[in-house]
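One-letter residues, chain by chain:
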Amino acid sequence: MIFRDYDPEKDKDAAHRIWNETGWLKLDNKSQIEAMDILVGCGRAMVAEIRGAAECLVIAAPATLRHGREDLPFAIVTGVTTSRVARLGGLASRLTARMVARLALDGAVACGLGIFDQGYYDRLGFGSEPYHVYRDFDPAHLTVERLSRSPERFGLEDWQALHEARLRRLRGHGAVNALPPEATRADMLWSEHGFGLGWRDGEGGAISHCLWCEAPDNAEHGPYRVGWMAFQNYAQFRELM
């Protein structure tokens, strides 16, 4: 087997196949394929090759980590996937270890990744952060002030401005910013029925606070999922609510 950098001309179809076999991608969904190609191309990508074809793919993106009031150079491992023919061979951990070493050489003082099961990545030095808690609620139960003005609608054409709003958002200790603007574009493309709402109260009409929602196939009944939001103070947060 060969461990090497991703080559889009040689590896793109194999990368699509890997994500399809993992269940992350539908090969007949052009929007998802475009989003994947953007995500793979906006940072670092490495593959493990077997018999002339990429069978394991690890991708990462540059980021910053808020530590106290300081932003540290950080990296996000955004995907670790292995094809059906290469599983249980240790490729994922070995290729991820190589990626982490490369990210350190690039200047990252730490890196993080999302996990599906506890313990697997401990061997590479990763620990577990607190759980993410998702809340489902009826919007009618929110006890916030009524809107005094209507929000603006945002779409895919606003991806750069929305990314800048995410970078400017209120952040506390431990908050992470993915730096490539294309990461936000890929995230928006991935949600087939996604839409944005918010306001341009920033300097020069910049987006000050916003949210990105993912609507279900049956938009009449919901539920809607808030993929992410950005705000600079808690008054803006209440307005988004």
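Residues numbered from 1 in each chain as written. Predicted model: local features only at pLDDT ≥ 70, side-chain atom pairs only at ≥ 80, totals over all residues. Heavy atoms only, no water.

J.: How should the side chain of His 16 be read in this particular structure?
T.: Positionally, His 16 belongs in helix α1 (residues 8-22). According to the relative accessible area criterion, His 16 is buried, its value standing at 10%. (Helix = DSSP H or I, 4+ residues; strand = E, 2+ residues; numbered from the N terminus. Buried < 20%, exposed > 50% of the residue type's maximum accessible area, 1.4 Å probe, protein only.)

J.: I keep staring at helix α4 (residues 159-167) and nothing clicks. Help me out?
T.: One turn of an α-helix holds 3.6 residues; hence residues three or four places apart share an orientation. By the burial criterion, the buried members of α4 are Trp 159, Leu 162, His 163 and Ala 165. The arc that holds every buried residue of α4, seen down its axis, measures 160°, which confines them to one face. Turning to α4, the residues buried within the fold contact β6 (152-154), β7 (176-178), α5 (181-190), β9 (209-214) and β10 (225-230). (Arc of directions from axis to C-beta. Contact = heavy atoms within 4.5 Å.)

J.: Honestly, the side chain of His 163 in this entry has me stumped. Any pointers?
T.: The topology assignment puts His 163 in helix α4. Setting aside residues up to four positions removed in sequence, His 163 forms contacts with Ala 178, Leu 179, Pro 180, Pro 181 and Thr 184.

J.: I keep staring at the packing of α1 against helix α2 (residues 30-41) and nothing clicks. Help me out?
T.: Helix-helix packing: each pair is described by the crossing angle between the helix axes and the interaxial distance. It is at 11 Å that the axes of α1 and α2 come closest, and there the two elements cross at 115°. The angle between α1 and α2 places the two elements in the roughly perpendicular class. In the packing of α1 onto α2, the handedness of the crossing is right-handed. Across from Lys 12, Ala 15, His 16 and Trp 19 in α1, the residues of α2 making contact are Ile 33, Met 36, Asp 37 and Leu 39. (Axes fitted to C-alpha atoms, helices over the stretch in contact; angles between N-to-C directions. Parallel < 35°, antiparallel > 145°, perpendicular 65-115°, else oblique. Left-handed = near helix turned anticlockwise from the far one by under 90°.)

J.: I would appreciate a short explanation of α1 in the present structure.
T.: Taking 1.5 Å as the rise per residue, α1 with 15 residues should run 21 Å; its terminal C-alpha atoms sit 19 Å apart, in good agreement. Residues Asp 11, Ala 14, Ala 15, His 16, Ile 18, Trp 19 and Glu 21 constitute the buried set of α1. On its buried side, α1 packs onto β1 (2-5), α2, β2 (44-50), β3 (53-67), β4 (70-82) and α5. At the N-terminal end of α1, a side-chain oxygen is found 3.1 Å from the backbone nitrogen of Glu 9, two or three residues along, and the residue is Asp 7. Gly 23, located one to two residues past α1, shows a positive phi value of around 95°. (Expected span 1.5 Å × (residues − 1). Polar contact = N/O pair within 3.5 Å; in protein donor to acceptor, adjacent residues only side chain to side chain.)

J.: Looking at this structure, how should I read the environment of Asp 201?
T.: With respect to the helices and strands, Asp 201 occurs in the loop between β8 (194-199) and β9. Its relative accessible area of 41% is what places Asp 201 among the partly exposed residues. Separated by 35 residues in the primary sequence, Asp 201 and Gln 236 have C-alpha atoms spaced 9.9 Å apart. Within the structure, Asp 201 has its side chain in polar contact with the side chain of Arg 149 (distance 2.6 Å).

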